[in-house]
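Residue-level structural notes
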Amino acid sequence: MAGNGTNAVRPRLKRLRWLGPAMMGAVVGWPGWVGSEPPELPPFSPRSGYEFARPETRAIQDDEFANPGLFWIERGAELWRSPAGPGERSCHSCHGAATAMAGTAATYPKIDEVVARLVNLEQRINLCRTRHVGAEPYPLESDPLLSLSAYVTRQSAGEPLRVRIDGRAREWFERGRELYRERVGQMNVACTQCHDQRVGHLLRAERISQGQINGFPAYLLRWGTVSSVHRRFQFCNEQARAEPLPIGSDDYNALQLYVAWRGTGLVVEAPAVRR
Amino acid sequence: MRMILAVWLPAAVALAAAVPSTAGSDPIAIYQIVGDAIPAPLDDLDGDPVRGRAIVAGRKGNCLACHEAPIPEEPFHGNLGPPLDGIGSRASSGALRLRLVAPRTLNPDTVMPAFHQVEGLRRVLAPHRGSPILAAQEIEDVIAYLLTLR
């Protein structure tokens, strides 16, 4: 499969740059953005966490037989065809082969027009469970939900991240950017201080990456399981001795949208392996 | 055990840091910033370099997350901040005290935590809420150790 850590061939979205006041009002600057003022660009071109990972970790990701994330993807493939609910419907009943989801994961989080709020991929899958299958939603961070999410994400392997931040998504984006810069916890640090300002430095034994999420849901060696973006956010919060926010919370979704946007063009790695 | 020093505080920053939130049980010592230093030991305490080394090396101070130091038994030292070796000949005790207690007065964008602060923090994890990372005695211990690094 393409994009599974194969760094040699990674398509990059051609990023147009903001060209100054002369272009005000014209089609501007950053994919997913349509409006009159460009959001501030991140101070770097995005680089995947893969590039900062240790060679041993990268080797596990690159090996289609050793990569433990593949178990989740296999389980996801089974669940895709497992009937549930009163109508005995599976994801396959409506969507057909999962390849129909090619590119989808690269556009999440996204506004769901029915509930008129930002949802991430796990929540979107649960919306299908309740809205279309008529079954109970999977608990967040549960094995089946992460498996389906990893499987749907796998269909976008190699695709560039491209979330939309215009329209209704705009206020979520602004909130996310605010959270990214807010100092929290006893350590009193903000995401931006590590993942924008100290990239490449060592925190104990860990090389600080840009904190990108193109590999999520990712298999984390430290936990021996696949983890959602939100659980990874919680971990960074806890390390700074800050109260983590709930998985699935609006604030983490807003933060996820901002983080996905600042990684625009990075290709989806599925399943990624991280320490 | 603690001795409250009622001093006049000219600097707004020092005042903000020193106003007790819960009178009587305040875990934060009152201190006075003079120029680039806090000259007087917190609560007039004496530091112990041996205890200080343990705090710097261990999880309590977690200084090695960001600094290299001559503590060879600990394997991984970070490099977000400068190496601490030789700091005892570069900095006075008062300068080190300010660096540990109120690093943002030196650099508003610093990632170095204020080790003796409880006010003005958001979403502090429950078990740590209301207590500083290091108590006054521990701050003095760390300073005593840093001063041996010459």
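The structure displayed is predicted, hence computed values, not measured ones. (Residues numbered from 1 in each chain as written. Chains lettered and ligands numbered in written order. Predicted model: local features only at pLDDT ≥ 70, side-chain atom pairs only at ≥ 80, totals over all residues. Heavy atoms only, no water.)

**As for the packing of aromatic side chains**
All names here are of chain A. Under the definition given, this model contains 8 aromatic pairs over all chains. Among the aromatic residues, ring-to-ring pairing joins Phe173, Tyr180, Tyr258 and Trp261 into one connected group. The ring of Trp72 carries the charged tip of Arg75 above its face, separated from the ring centre by 4.9 Å. (Phe/Tyr/Trp six-rings, centres within 6.5 Å; stacked < 30°, edge-to-face > 60°. Lys NZ or Arg CZ within 6 Å of the ring centre and 35° of its normal.)

**Section: the environment of Leu257(A)**
Residues and elements named next belong to chain A. Take Leu257: it is sitting in helix 9 (residues 250-262). Here the alpha-carbon distance between Leu257 and Thr99, two residues 158 residues apart in the chain, equals 24 Å. Non-local contacts of Leu257, meaning those with residues more than four positions away in its chain, are made with Pro109, Leu118, Val163, Arg164, Ile165, Ala169, Trp172 and Phe173. (Helix = DSSP H or I, 4+ residues; strand = E, 2+ residues; numbered from the N terminus. Contact = heavy atoms within 4.5 Å.)

**A closer look at the side chain of Ser147(A)**
All names here are of chain A. Its place among the elements puts Ser147 in helix 5 (residues 143-154). Here the side chain of Ser147 touches Asp143 through a polar contact of 2.7 Å, landing on its backbone oxygen. Those residues in contact with Ser147, other than ones at most four positions away along the chain, are Trp72, Arg75, Gly76 and Leu79. (Polar contact = N/O pair within 3.5 Å; in protein donor to acceptor, adjacent residues only side chain to side chain.)

**A closer look at the nonpolar core**
Judged by nonpolar contacts, the single largest core of 41 residues is most densely connected at Leu100(B), Ile139(B) and Leu146(B). Counting only elements with at least two residues in this core, the list comes to helix 2 (49-57), helix 4 (93-101) and helix 5 (136-146) of chain B. Excluding its chain neighbours within four sequence positions, the residues that come into contact with Leu100(B) are Met112(B), Pro113(B), Ala114(B), Phe115(B), His116(B), Ile139(B), Val142(B), Ile143(B) and Leu146(B). Of all hydrophobic cores here, the second largest spans 25 residues; its members include Tyr180(A), Val229(A), Phe233(A) and Leu257(A). (Core = buried A, V, L, I, M, F, W, Y, C linked by side-chain atoms within 4.5 Å. Buried < 20%, exposed > 50% of the residue type's maximum accessible area, 1.4 Å probe, protein only.)

**Quick look at the interface of chain A and chain B**
With 23 residues of chain A at the contact, the number on the chain B side is 30 residues. For the pair chain A and chain B, the summed buried area comes to about 2500 Å², and 50% of that belongs to carbon and sulfur atoms. Taken as a group, Gln186(A), Arg204(A) and Glu243(A) account for 33% of the area that chain A buries against chain B, more than any other trio of residues on that side. Our count for the contact surface shared by chain A and chain B stands at 3 salt bridges. Salt-bridge contacts for Glu182(A) lead to Arg122(B); the nearest nitrogen and oxygen are separated by 2.9 Å. Taken together, chain A and chain B are joined by 15 residue pairs in polar contact (both at pLDDT 80 or more). (Buried area = accessible area lost by both parts, 1.4 Å probe. Salt bridge = Lys/Arg side-chain N within 4 Å of Asp/Glu carboxyl O.)

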